[in-house]
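One letter stands for each residue in the lines below.
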Amino acid sequence: MFGDRSPVGYARPVNPPRLWPLPGLSRYPHLASAVVVAVLLATRLACLPDGPWEQDEAIFAGAVFDFDLAAHRPHPPGFPGWVGLARVLHPLTGDAIVSMQLLASVASVAGLVVLAGILATMVSGPVALAVTVLTAFLPGVWFHAPRALTTTPALTVLLLALWCWWPTAVSRTRVGLGWALMGFAVLVRPHFLPIVAICAPLALHRKRFEPATAVALSYIALFVFMIGFAFVVADTGGVEKTLGLMLSHARRAVAHEPIAGPNDLGFIRALGGIVPTVAWLGAGLTGLLFIQKKWSRLWGLLVFVTTLVVIVLLHPPHPRYAVLLLIAAAPGVALLAQRVIDIGRGRVWWSRAVIFVLLVLAGVSAGATLPAMMAMRGQAIPPVQALRALAREPGRRIVVTAPGMTPYARYTALAGQLEASVYTHRSLIRDHDPRPVPGGHTLSMLSLRHRGLPGATVRYERITGYPPAAWELSQRRYSEIHRVDNPILLGDGVSTPEVNSRGEPFAWLGKNAALTVPAPAETLVLLLDVDERRAPLQLRATIGRAPVHNQRLKHGTHRVAIGLDKCELFPCTVKLKFDRALAAEGKTRQLSARLYGTWSEGPLLTAYAQRWNPGQPLLTRARGVNLTQGFHGAEMFGDPKMPGSWLDDTATAKFYAVAGSLEVTLALPPPREGVVTLETTGHARTVAATGTPQTFTIPVDAPQGKDFLRITSHTLVPAERDPKNPDKRRLGAILFDVVLKPEG
């Protein structure tokens, strides 16, 4: 298949570079070239990722529907060339992400064809093709080839510009086309501007035009650049505002993530480790030293070193930025391989052995990268999984996101895949424009860390499933997502939730605190704990300027219910004001009470997983629980101590419910053993209880949204068993905990 059996010296260029057929193919070159290109394209198209795999992809896709630089669709400086290409293809695919993935995949193969043509001007055809194939399957190159990102397409445009300028004698038309492509490369990815500045002098070096002609030709790139960014400036609202957004974004971008060690560097991860990185980049750097012409050698080294420096300084932890560096090393690798072939002094077997080694390395690299490609193709990352689950559920939503996940949610909403209004946490609680939503709405919060508080109508889900095979080549983000439905949003004056010694989450409230209720509701419930040093506390709550609650809180735990009839629009912010507070030890913030749980109640809100503990009110996070009969006071039992309550021979609790099951944790006083009967509507179960707490399950049908739990057991009277014991209560089982879990 490979031609050019006599090796071509690495110092003898072939001009001009030919793009078709591919170099190094002697038998049926056009057909063989078509087969090679088809295989390369298939390796890209067969591995299109399942949805956006990084927030920048979602940002670009959102810009296809609504270009808004101020809203980071896309982020500054704008990428007008890339968004424009996607808009052209989008009507044919109907999916902005797929449009960009297809563009990137085709651009990847086109870039490899151009690379092979350029390499063939420096080395023999077989070496040029073999190194191109090896480059195509480097982990970082292949993994990012089908992604909806700008690096690969911009690199292809840059290579096409170099191809235009590569011949020693080149026409004005070809130089002008190269300048136009250079300008468009910057429109696709403006971050390439430093590399473009280094490559640009090549146009003047190949054929020395008159100064006026050379300057006039370079203006073509400036013209293309200005035309593209004119749309950005006009859409954004002027040059001053556009530059302000760019400078603001640049300041944030410089503050990149810290690097713990060499294995965290993106270009090392893009090649699968330190050893292959040293081999590839070392071979690329060494090969450039074999270029005979001093100017060409210095130019090649400058491109290589500048690319490495830009990546290390601006984007050190992310492998996707290393694609440019991996491609920049390919000419040096090809020159080194040609040098090794030349050592064989024309021996065909030696030349074929070197080509064979290059192709074997390509196969090894492809095999090592294939699991990551299949993982990316077969599974969406957790933010996308969470949004798709929301889209499958009926009803309109407000989606509150952590900043890093906002692009995913906004793209999903703009694409019509999810009926939702999207906010960041800060924008909703401080800058929101509340308005009534017909039929009500559900607020769902997506966060990287769960920093909310539990409640009866609050549903929590932890979403995992990031494919481990793709972790190292990715940006190591979003391995898990926390979804919370109907949370009360913690605003100013509420500290970041923490956990007490018993593992219970809580948040300190300052002297003034704000809580935002997400959906139409009747009542806001607070579980407060006031310590002895701060008691008593006077709590006043207002909505707007209207007072809605006034209560004096003694030392201990309290369940506070605040009416929300003053909330005309939702989301609705309730402001809490305490009459006193104490400074935290070693800190300046003033703290009043601990908030152990909060939720809202109303006809539009479903009671999700609920929990109540008759021995500890702070663990009671349930809607409408009424312990109607048979419950004695709260006590501590066992060692270690567990909160619970003695029951009479029959104890009944009524509660709002959903269909599912109750998990009831109870015991009999040791060393007793006996039977206990559990009943709900339409269900009864007899269980064998012992002195050790056990958890038993019984179904709940939730007729008309309400149900009951009845617990029946044999009793004893302590005073009858021991005359010295004054306790004359009839004591049956000990109830520790009840948890309602909805079905599904």
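In this text, all values refer to a predicted model and were calculated from it rather than measured experimentally.

As for the side chain of T151
- If you trace the backbone, T151 turns up in helix α7 (residues 151-165).
- Its relative accessible area of 6% is what places T151 among the buried residues.
- Filtering out sequence-adjacent residues up to four positions away, T151 remains in contact with R189, F192, R320, V323 and L324.

Side note on the packing of aromatic side chains
- Tallied over the entire structure, the rule returns 14 aromatic pairs.
- An angle of 40° between the planes, with centres 6.3 Å apart, marks the rings of F65 and Y411 as tilted. Remark: Y411 occurs in helix α20 (residues 406-414) and F65 occurs in helix α2 (residues 55-65); sequence separation between them is 346 residues.
- Classification of F65 by relative accessible area gives partly exposed; the value is 32%.
- An aromatic cluster is built from W53, Y466 and W471, whose rings are joined through pairwise contacts.
- Over the aromatic face of W163 sits the side chain of R174, whose NZ or CZ is 4.2 Å from the ring centroid.
- Over the face of the ring belonging to F290 we find R339, whose NZ or CZ atom lies 5.0 Å from the ring centre.

Points about the sheet that holds strand β14 (residues 572-578)
- Ordered by their spatial adjacency, five strands build an open sheet running β6-β9-β14-β11-β12, and the pairing between neighbours is antiparallel. In the strand order of this sheet, the two ends are held by β6 (489-490) and β12 (546-553), each with one partner.
- Strand direction decides the pairing type here: β6 and strand β9 (residues 512-517), joined by two bridges, are antiparallel. Counted as the bridge partner of L489 is T516 from β9.

Regarding the confidence of the model for the protein chain
- Of all residues in the protein chain, 92% attain a pLDDT of 70 or more, and the chain-wide mean is 85.
- Predicted confidence for residues 1-14 stays below pLDDT 50, and this span has 43 contacts to residues more than four positions away or in other chains.

Quick notes on the sheet that holds strand β5 (residues 481-485)
- Read from one edge to the other, the open sheet built from five strands follows the order β2-β1-β3-β5-β4, with strand pairing classed as mixed. Only two strands of the sheet have a single neighbouring strand rather than two, namely β2 (420-424) and β4 (459-463). Within this sheet the neighbouring strands show an average axis-to-axis angle of 20°, counted without direction.
- Pairing analysis gives four bridges linking strand β3 (residues 442-447) to β5, with the strands arranged antiparallel. Bridging across to β5, S444 finds its partner in D485.
- The strands touched by helix α19 (residues 382-392) within the sheet are β1 (397-401), β3, β4 and β5, with β5 carrying the most contacts at an inclination of about 25°.
- In the packing of α20 onto the sheet, the strands contacted are β1 and β2, and the crossing angle to β2 comes to about 160°.

Observations concerning the state of the cysteines
- With the rule as written, the count across this model stands at one disulfide.
- The disulfide that involves C567 links it to C572, with 1.7 Å between the sulfurs. Across the S-S bond of C567 and C572 the torsion is about -50°, and the bridge reads as left-handed. A single burial state applies to C567 and to C572, both of which are buried.
- Unpaired in terms of disulfides, C164 finds its nearest cysteine sulfur in C199, a separation of 13 Å.
- With a relative accessible area of 1%, C164 lands in the buried category.

Considerations on the side chain of T306
- Within the fold, T306 resides in helix α15 (residues 294-314).
- For T306, a relative accessible area of 17% corresponds to the buried category.
- Dropping the residues within four chain positions of it, T306 is found in contact with I195 and I198.

Quick word on the pairing of strand β25 (residues 734-742)
- Judged by how many residues are buried, β25 sits mostly within the fold: seven of nine residues are covered.
- Of the strand pairs in this sheet, strand β17 (residues 610-612) and β25 are connected by three bridges, and their pairing is antiparallel. Each bridged residue has a counterpart across the sheet, and for Q610 the counterpart in β25 is L740.
- For strand β19 (residues 642-656) and β25, the ladder comprises two bridges, and the chain directions are antiparallel. Residue S645 lies in a different strand from β25, and its bridge partner there is L735.

With respect to the packing of helix α14 (residues 274-288) against helix α17 (residues 330-343)
- For the pair α14 and α17, interaxial distance at closest approach is 6 Å and the crossing angle is 70°. The angle between α14 and α17 falls in the class roughly perpendicular. Contact residues: α14 offers W280, A283, G284, T286, G287 and L288, while α17 offers A330, G332, V333, L335 and L336.
- Class assignment of the residues belonging to the contact of α14 with α17 gives a composition of seven nonpolar, four polar and no charged.

What counts and what doesn't
Residue indices follow the written sequence of each chain, beginning from 1 at its first position. The model is predicted, so local features are restricted to residues of pLDDT at least 70 and side-chain atom pairs to those at 80 or more, both for listing and for counting; the totals for chains, interfaces and linings are taken over all residues. Derived side-chain values reflect all non-hydrogen atoms in the structure, with water molecules and hydrogen atoms excluded from consideration. For helices the rule is a DSSP run of H or I covering at least 4 residues; for strands it is a run of E covering at least 2, with both sets numbered from the N terminus onward. Burial classification: accessible surface area is computed with a 1.4 Å probe over protein chains only, and a residue below 20% of its type maximum counts as buried, one above 50% as exposed, and the rest as partly exposed. In what follows, residue pairs with any heavy atoms lying within 4.5 Å of each other are defined as contacts. Pairing of aromatic side chains here covers Phe, Tyr and the six-membered ring of Trp, requires ring centres within 6.5 Å, and sorts the geometry by plane angle: under 30 degrees stacked, over 60 edge-to-face, intermediate tilted. Consider the ring centre and the ring normal. A charge sits over the ring if Lys NZ or Arg CZ is within 6 Å of that centre and within 35 degrees of that normal. Only strands joined by at least two bridges in the DSSP assignment are considered to pair. Confidence scores here are pLDDT values: one per residue, from the predictor, ranging 0 to 100. All axes are obtained by fitting lines to C-alpha atoms, using only the stretch in contact for helices, and the reported angles, taken between N-to-C directions, cover 0 to 180 degrees. A pair of sulfur atoms, both from cysteines and within 2.5 Å, is called a disulfide here. Angular relationships are summarised with four words: roughly parallel below 35 degrees, roughly antiparallel beyond 145, roughly perpendicular across 65 to 115, and oblique for the angles in between. Ten residue types, Ala, Val, Leu, Ile, Met, Phe, Trp, Tyr, Cys and Pro, are classed as nonpolar, four, Asp, Glu, Lys and Arg, as charged, and the remainder, Gly among them, as polar.

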